[in-house]
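These are the residues of each chain, in order.
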Amino acid sequence: MNGDTFYEWFVRILPLLKENAIIVMDNALYHSVKKCKIPNMSWKKQEIVDWLESKGEIVIHPMCKNDLMKEVRKLKDAYDKYVIDEYAKDNKKLVLQLPPYHCELNPIELAWSSVKSYVRTHNNTFKIKDVLELLKKGVEHVTPEMWTNFVGHVIKEEDKFLNLDHLSDEVMDGQPDEEERHILTIGRGDTSSSDLDSD
C-alpha cells in the first residue's frame, strides 16, 4: 500500500458515504501524505528560499537559515495539509485522525481481530486460495450488531482517556505556571524530519 493506491481507493469509496460522514483513520503513512512539502532544517538554504518565494514571500538577501525557517513557520499552517483530509473536506466529509499509538480507539481493529480469528480457527489447508476464501467469509462474519459493539467498546475506551484527562487537570492544579511547564505536542504519525524540527 502506498499513498497513490490509497488515494485511488479513497476516491472510489467516498461517494458511497453519506454527506457529513466522519472517517476515522489511523496513522499509517499512506493516510498522511502531505499536499505540499514544508521545508525543514535539512533542506538546503536555496531550497528554502525557493519555497518561500513560490508562496509569494519576498526574501531579503542575505538571510541565515534560522531566519528563513522562522518565515516558513509563519506560513506553515496555510500549507501543512493532508491530501486525504482536503479531498474529504471538499466532498463534505470529515477525517478524524486518531492519536499515534492508540489503536484501541479504532473499531476497525476489533473487526480485523474478528476476521483474523475466523481465518485462524477455520484454516486447515493453509493454501493461499483457501485462506483468501476464508478471509472473505471472515469479513462477511462481521455483522452490523458486532460493529455496534466494537464502536461501543471504543467509546468506553475513549471515556477512560477523558477521565484520565480530568485527573491530570486536578493534579496540575497548584503546579508551576504555564510558562514553566513542559508541553509535549503529539502530531500525526508522520515522523519525517519536517515534523521533528518544527516548533
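Residues numbered from 1 in each chain as written. Predicted model: local features only at pLDDT ≥ 70, side-chain atom pairs only at ≥ 80, totals over all residues. Heavy atoms only, no water.

**Student:** I'm lost on the pattern of salt bridges in this one. Help?
**Tutor:** Pairs may arise between side chains of opposite charge once their charged atoms sit close together. Counted according to the given criterion, the structure contains 5 salt bridges. Here glutamate 71 makes a salt bridge to lysine 74, at a shortest N to O gap of 3.1 Å. Pair noted here: glutamate 71 and lysine 74 are both in helix 3 (residues 65–79), with a separation of 3 residues, about one helical turn. (Salt bridge = Lys/Arg side-chain N within 4 Å of Asp/Glu carboxyl O. Helix = DSSP H or I, 4+ residues; strand = E, 2+ residues; numbered from the N terminus.)

**Student:** Before we go on, may I ask you to explain the pairing of strand 1 (residues 22–25) in this structure?
**Tutor:** The two faces of a sheet get side chains in turn, since along a regular strand they alternate between them. By the alternation rule, side chains of strand 1 split into Ile23 and Met25, which are all buried, and Ile22 and Val24, of which none is buried. Sheet topology note: the strand 1/strand 2 (residues 94–97) ladder contains 4 bridges and is parallel. By the bridge assignment for strand 2, isoleucine 22 is matched with leucine 94. (Buried < 20%, exposed > 50% of the residue type's maximum accessible area, 1.4 Å probe, protein only. Pairing = 2+ DSSP bridges.)

**Student:** Teacher, can you tell me more about a nonpolar patch on the surface here?
**Tutor:** On the surface, a cluster of nonpolar side chains totalling about 650 Å² of accessible area is made up of Ile108, Trp112, Ile128, Leu132, Leu135, Val139 and Trp147. Contributing elements (two or more residues each) for the nonpolar patch: helix 5 (107–122) and helix 6 (128–141). Within the secondary structure layout, isoleucine 128 lies in helix 6. For isoleucine 128, a relative accessible area of 64% translates into the label exposed. (Patch = residues over 30% accessible without salt bridge, like charges linked within 9 Å, V, L, I, M, F, W, Y side chains within 5 Å. Areas by Shrake-Rupley, 256 points an atom, 1.4 Å probe, with all protein chains shown as cover.)

**Student:** Would you take a moment to explain helix 5 for this structure?
**Tutor:** Because an α-helix completes one turn every 3.6 residues, residues spaced three or four positions apart along the sequence face the same direction. Between its first and last C-alpha atoms helix 5 spans 23 Å; for 16 residues at 1.5 Å apiece the expected length is 22 Å, and the two agree. Along helix 5, the residues that are buried comprise Pro107, Ala111, Ser114, Val115, Tyr118 and Val119. Down the axis of helix 5, the smallest arc covering the buried residues is 130 degrees, so these residues share one side. Seen from the buried face of helix 5, the exposed residues on the opposite side, beyond 90 degrees, are Lys116, Arg120 and Thr121. (Expected span 1.5 Å × (residues − 1). Arc of directions from axis to C-beta.)

**Student:** Would you explain the nonpolar core in this entry?
**Tutor:** Taken as a class, soluble globular proteins show a tendency for nonpolar side chains to be buried jointly. In terms of nonpolar packing, the biggest core is built from 12 residues, these being Cys36, Ile38, Trp43, Ile48, Val49, Trp51, Leu52, Val59, Leu68, Met69, Val72 and Leu75. Looking at this core, the elements that each hand over two or more residues are helix 2 (45–54) and helix 3. Once you skip the residues sitting within four places of it in the chain, cysteine 36 turns out to touch Trp51, Lys55, Tyr79 and Lys81. Listed in part, the 8 residues of the second largest apolar core include Phe10, Leu14, Ile23 and Ala88. (Core = buried A, V, L, I, M, F, W, Y, C linked by side-chain atoms within 4.5 Å. Contact = heavy atoms within 4.5 Å.)

These figures capture arrangement, not role.
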